[in-house]
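Examining the three-dimensional arrangement
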Amino acid sequence: MARRKLLREIAAEVLGEREARRIWGRVEIIGDIAVIRRPFNYPLEPLRKLGEAVIARIKHVRSVWCTASSVSGPYRTRKYIHLAGEKRSETTYRENGCMFKVDIRRVYVSPRLGYEHARIARLVRPGEVVVNMFAGAGLFSIIMARHADPRIVYSIDINPDAYRYMEENIRLNRVEGKVIPILGDAARIAEERLKGIADRILMPLQELSYKYLPQAVIALRGGGYIHVYDFTRARPGENPVEILASRYMRRFREIGVNARLVYSRVVRTVGPRRYQVVLDFKL
Ligand SMILES: C[S@@+](CC[C@H](N)C(=O)[O-])C[C@H]1O[C@@H](n2cnc3c(N)ncnc32)[C@H](O)[C@@H]1O
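Residues numbered from 1 in each chain as written. Predicted model: local features only at pLDDT ≥ 70, side-chain atom pairs only at ≥ 80, totals over all residues. Heavy atoms only, no water.

**Quick look at the sheet that holds strand β10 (residues 198–203)**
Where strands meet in a sheet, backbone hydrogen bonds hold them as pairs that are either parallel or antiparallel. One open sheet accounts for 7 strands, arranged β9-β8-β7-β10-β11-β13-β12; its pairing is mixed. The two strands at the open ends of the sheet, each matched to only one other strand, are β9 (179–183) and β12 (260–271). If you compare each strand with its neighbour and ignore which way they point, the axes differ by 15° on average. Set on the sheet, helix α6 (residues 160–172) makes contact with β8 (152–157) and β9; between it and β9 the angle comes to about 165°. (Pairing = 2+ DSSP bridges. Helix = DSSP H or I, 4+ residues; strand = E, 2+ residues; numbered from the N terminus. Axes fitted to C-alpha atoms, helices over the stretch in contact; angles between N-to-C directions. Contact = heavy atoms within 4.5 Å.)

What follows is the structure in structure tokens.
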């Protein structure tokens, strides 16, 4: 990709070949904002210089930030340090033919989920009812509503900022009435308002997928699909997909339902021997 090549070139000019190898792959561009995932304790000065060079050389980038914490808290957000350009953290991000307004400091957003957003949209059959339990700014929900033909997508998030952006993104992408934003705790909403209605459930949050599995099952209309995103460690020789699949199969047995794993893959490596995995189950 031309932009990746240019980024690598800029990093090599500013930081030197050796440091550039460490840093350039950590730059992500979200709309007109570049974000550098800063290695622990990495000095800020060279990153500021890199930020200035990115602004000067990559035309549409207006603002550069680096991460100052890992993703944390119930809303799965991070702290950031401003490096260069406009001190603005809100942007419009384009992905899979849709537009998303987001504030990187207020809502979770990751271009690295782009493949999964498109993959899930391809699985949705016309007329399906879908529940997205951890919707963020609405990316999975809106992309499937634009590219597939679900009857309705209930799109839940507990973060009021994510809910506000999701509402705006529903309007921006003209999927009002198809994607229904809901603010609140996904377990409570599934149990109290969405019992027995869904053909497909999305659970894109590693911290709660396992815990909220019973409520996901409650929201299903008999059989259907549950897509689980979770993290695991795996030692050399161990298969992260197998580790998580057997953990979830045990969980389904505890709940008392029959589930079959129909698809799985490692979505990305998130640390030394730590992986994000997606598991698609058919019940
Ligand atoms: C990893 S992000 C979702 C990313 C989003 N699906 C995407 O593709 O961009 C997880 C989301 O779950 C939300 N969340 C956390 N706890 C929740 C809960 N109990 N009920 C509903 N949403 C919750 C967070 O606010 C966050 O927006």
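After that view, the rundown keeps rolling.
**Brief notes about the packing of helix α4 (residues 114–123) against helix α5 (residues 139–147)**
Relative orientation of the contacting elements α4 and α5 amounts to 45°, with a least axis distance of 9 Å. Viewed along their axes, α4 and α5 adopt a mutual orientation that is oblique. Relative to α5, the crossing made by α4 is right-handed. Contact with α4, carried on its side by E116, H117, I120 and A121, involves L139, F140, I143, M144 and H147 of α5 and no other residues of that element. Taken together, the residues that form the contact of α4 with α5 break down as 6 nonpolar, 2 polar and 1 charged. (Parallel < 35°, antiparallel > 145°, perpendicular 65-115°, else oblique. Left-handed = near helix turned anticlockwise from the far one by under 90°. Nonpolar A, V, L, I, M, F, W, Y, C, P; charged D, E, K, R; others polar.)

**Here we look at the packing of aromatic side chains**
Centre distance and the angle of the planes are the two values used to describe a pair of aromatic rings. Going through the model one piece at a time under the given rule, you end up with 5 aromatic pairs. On the basis of an interplanar angle of 50° and a centroid distance of 5.7 Å, the ring pair of F140 and Y229 is categorised as tilted. Of this pair, F140 sits in helix α5 while Y229 sits in strand β11 (residues 220–233), placing them 89 residues apart in sequence. By the burial criterion, F140 is buried, and Y229 matches it. (Phe/Tyr/Trp six-rings, centres within 6.5 Å; stacked < 30°, edge-to-face > 60°. Buried < 20%, exposed > 50% of the residue type's maximum accessible area, 1.4 Å probe, protein only.)

**With respect to the pattern of salt bridges**
Taken as a whole and judged by the stated rule, the model has 21 salt bridges. With its nearest N and O atoms 3.8 Å apart, the salt bridge here joins R22 to E19. On the criterion of helical spacing, the pair formed by R22 and E19 is a turn pair, its members being 3 residues apart in helix α2 (residues 17–23). Look at the salt bridges and you will find they share partners, linking D103, R106, D161 and R164 into a network. (Salt bridge = Lys/Arg side-chain N within 4 Å of Asp/Glu carboxyl O.)

**Some details on the layout of surface pockets**
Of the pockets and cavities examined, the second largest pocket occupies roughly 300 Å³. Around the second largest pocket, the lining comprises 15 residues; the ones closest to its centre are R3, I29, Y93, R94 and P111. Counting residues per element, the ones that place at least two in the lining of the second largest pocket are α1 (2–15), β1 (27–30) and β5 (90–95). The dominant element in the lining of the second largest pocket, judged by the number of residues it contributes, is β5, at 4 residues. (1 Å grid on protein atoms, 1.4 Å probe; cavity = no way out; pocket = protein on both sides within 12 Å on 5 of 7 lines; lining within 4 Å. Points joined across faces, edges and corners; volume = space filled by probe spheres on them.)

**Considerations on the side chain of R76**
Take R76: it is sitting in the loop between β3 (63–67) and β4 (80–85). R76 gets classed as buried once you look at its relative accessible area, which sits at 16%. Polar side-chain contacts of R76 include one of 2.8 Å to the side chain of E207. What R76 contacts, discounting residues up to four positions off in sequence, is V71, Y108, L205, Q206 and E207. (Polar contact = N/O pair within 3.5 Å; in protein donor to acceptor, adjacent residues only side chain to side chain.)

**Description of the domain arrangement of the protein chain**
When its domains are assigned, the protein chain resolves into domain 1 (2–88) and domain 2 (107–282). Here the C-alpha centroids of domain 1 and domain 2 sit 29 Å apart. Contacts between the two partners involve 8 residues from domain 1, matched on the other side by 11 residues from domain 2. Between domain 1 and domain 2 the total buried area reaches about 810 Å² when both faces are included, carbon and sulfur atoms providing 61% of it. Of all residues in domain 1, E28, Y75 and R76 bury the most surface against domain 2, accounting for 61% of the area lost on that side. For the interface between domain 1 and domain 2, the tally reads 2 salt bridges. With its nearest N and O atoms 2.8 Å apart, the salt bridge here joins R76 to E207. (Domains from an automatic or database assignment. Buried area = accessible area lost by both parts, 1.4 Å probe.)

**Considering the sheet that holds β1**
Strand order in the open sheet formed by 4 strands is β1-β2-β3-β4, and the pairing between neighbours is mixed. Only two strands of the sheet have a single neighbouring strand rather than two, namely β1 and β4. Pairwise comparison of adjacent strand axes, ignoring direction, gives a mean angle of 25° for this sheet. In terms of strand pairing, strand β2 (residues 33–36) meets β3 through 4 bridges, oriented parallel. For V35, the partnering residue across the bridge sits in β3 and is W65. Contacts from helix α3 (residues 44–57) reach β2, β3 and β4 within the one sheet, and its direction differs from that of β4 by about 45°.

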